[in-house]
Amino acid sequence: MKPDTNCKTLYISDLDGTLLDKKAKLSRHSEELIKRFIENGGLFSVATARSQSAVSILSRLDIRIPSIHLNGVLMYDYKNRKYIDCTPMETSAALEIIRILKSFDRMSFVYNFDSDCGINVEFEKLSNEVEKNFFEVRKDNDYKSFRQTSNITVSDDKKVIYFTMVDRYERLYPIYCEIKKVVGAKPTLYRDNYSEMYFLEVFSSSATKAAGMMKLKKLVGADRVVAFGDNLNDIEMLKAADVGIAVGDSVDEVKEHADIIIGNSYEDGVAEYLLKISS
């Protein structure tokens, strides 16, 4: 049976820890169920902290509407294979974040965006094995360039969109607290799904998964939105959705904000839910 067409609903899911399994893969079973859901008219997309690596992960799903990347900073159009919306940081906020990071002697990956060249990432050094792996996996991708420099700078000529770093919680938490004070900046701190480390990510306060989700809802003309998530950077999205759903292996704080709790991510929880509501 096709999804209910009397009420146009957008279904939007986080990727890592929600739609993907413990090896950061989309299972064949989830792929088949979600593809069938889309073919039957379901509006399905993702909102993720990833950038265009999400595109390759989802390449076999035939997603027909845009997706939200970098926690709401970018919107990607699958049909035309390009980003169609970008929310950069104010230069003053980016400069203050650089100052704070240098005061802690801990620089991050700094993402810049150019509508012609795409995403350019600068970094000064790789601080641990997780960051080294992050770089190694992505360094040869044609949709994102990496450049190592001895001194990262910010200016009005650069459209800074994102800061990201991976480290121990006790190393990142003091930095997170200082960045929270920066006007125009939105920091998020959450555990990596695949290690004991934590991510600290910073972007414009106008760019969140929740804000990106609402933009997409308006763009596709949906009446309501159902969101799936598992980690702290998903909470605002679940709260802003008409129905917020946590997978069974979500962190406890996410479950507290969810309307519904479904099966685990590694047991195809999202796909099985879509099968249930469309049967």
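Above this text you will find the structure in question.
In this report, we go over the structure that sits alongside the text. (Residues numbered from 1 in each chain as written. Predicted model: local features only at pLDDT ≥ 70, side-chain atom pairs only at ≥ 80, totals over all residues. Heavy atoms only, no water.)

Moving on to the overall build of the protein chain. For the protein chain, the count of helices and strands is nine helices and 14 strands. Computed over C-alpha atoms, the radius of gyration of the protein chain comes to 18 Å, within 12% of the 19 Å expected from 2.2 N^0.38 for 279 residues, which places it in the range of a compact globule. Projected onto its principal axes, the C-alpha coordinates of the protein chain cover approximately 55 × 40 × 35 Å. With 279 residues in all, the protein chain has 56% of them scored as buried. Counting only contacts in the protein chain whose residues sit at least 6 apart along the sequence, the fraction spanning at least 24 positions is 60%. Here the protein chain has roughly 13000 Å² of accessible surface; of this, 45% comes from carbon and sulfur atoms. Distance from the positive charge centre (39 side chains) to the negative charge centre (43 side chains) of the protein chain: 2 Å. (Helix = DSSP H or I, 4+ residues; strand = E, 2+ residues; numbered from the N terminus. Rg over C-alpha atoms; globule rule 2.2 N^0.38 Å. Buried < 20%, exposed > 50% of the residue type's maximum accessible area, 1.4 Å probe, protein only. Contact = heavy atoms within 4.5 Å. Areas by Shrake-Rupley, 256 points an atom, 1.4 Å probe, with all protein chains shown as cover. Lys, Arg positive; Asp, Glu negative; His and termini not counted. Charge placed at Lys NZ, Arg CZ, Asp CG, Glu CD.)

Here we take up helix α3 (residues 91-103). Across its 13 residues, α3 extends 18 Å between first and last C-alpha, which sits within 8% of the 18 Å expected from 1.5 Å per residue. Of all the positions in α3, only Ala93, Ala94, Ile97, Ile98, Ile100 and Leu101 are classed as buried. Down the axis, α3 shows its buried residues gathered within 165 degrees of arc, on one side only. Residues of α3 that are exposed and angled more than 90 degrees away from the buried face: Ser92 and Ser103. Taken together, the buried residues of α3 touch β6 (109-114), β9 (160-167), α5 (169-179), β10 (185-191) and β11 (198-204). Two residues or fewer after α3 comes Asp105, characterised by a positive phi angle close to 55 degrees. (Expected span 1.5 Å × (residues − 1). Arc of directions from axis to C-beta.)

Here the focus is the pattern of salt bridges. Overall, the coordinates contain 20 salt bridges when judged by the stated rule. Asp167 is the salt-bridge partner of Arg106, the closest N and O atoms lying 2.9 Å from each other. Note that Arg106 is positioned in the loop between α3 and β6 and Asp167 in strand β9, a separation of 61 residues in sequence. The partner of Lys186 in a salt bridge is Glu236, with the nearest N and O atoms 2.5 Å apart. Here Lys186, found in strand β10, pairs with Glu236, found in helix α7 (residues 235-240); they are 50 residues apart in sequence, far enough to count as distant. Counted as one network, the salt bridges with shared partners bring together Arg106, Glu131, Asp167, Arg168 and Glu170. (Salt bridge = Lys/Arg side-chain N within 4 Å of Asp/Glu carboxyl O.)

The values are spatial; any link to function lies outside them.
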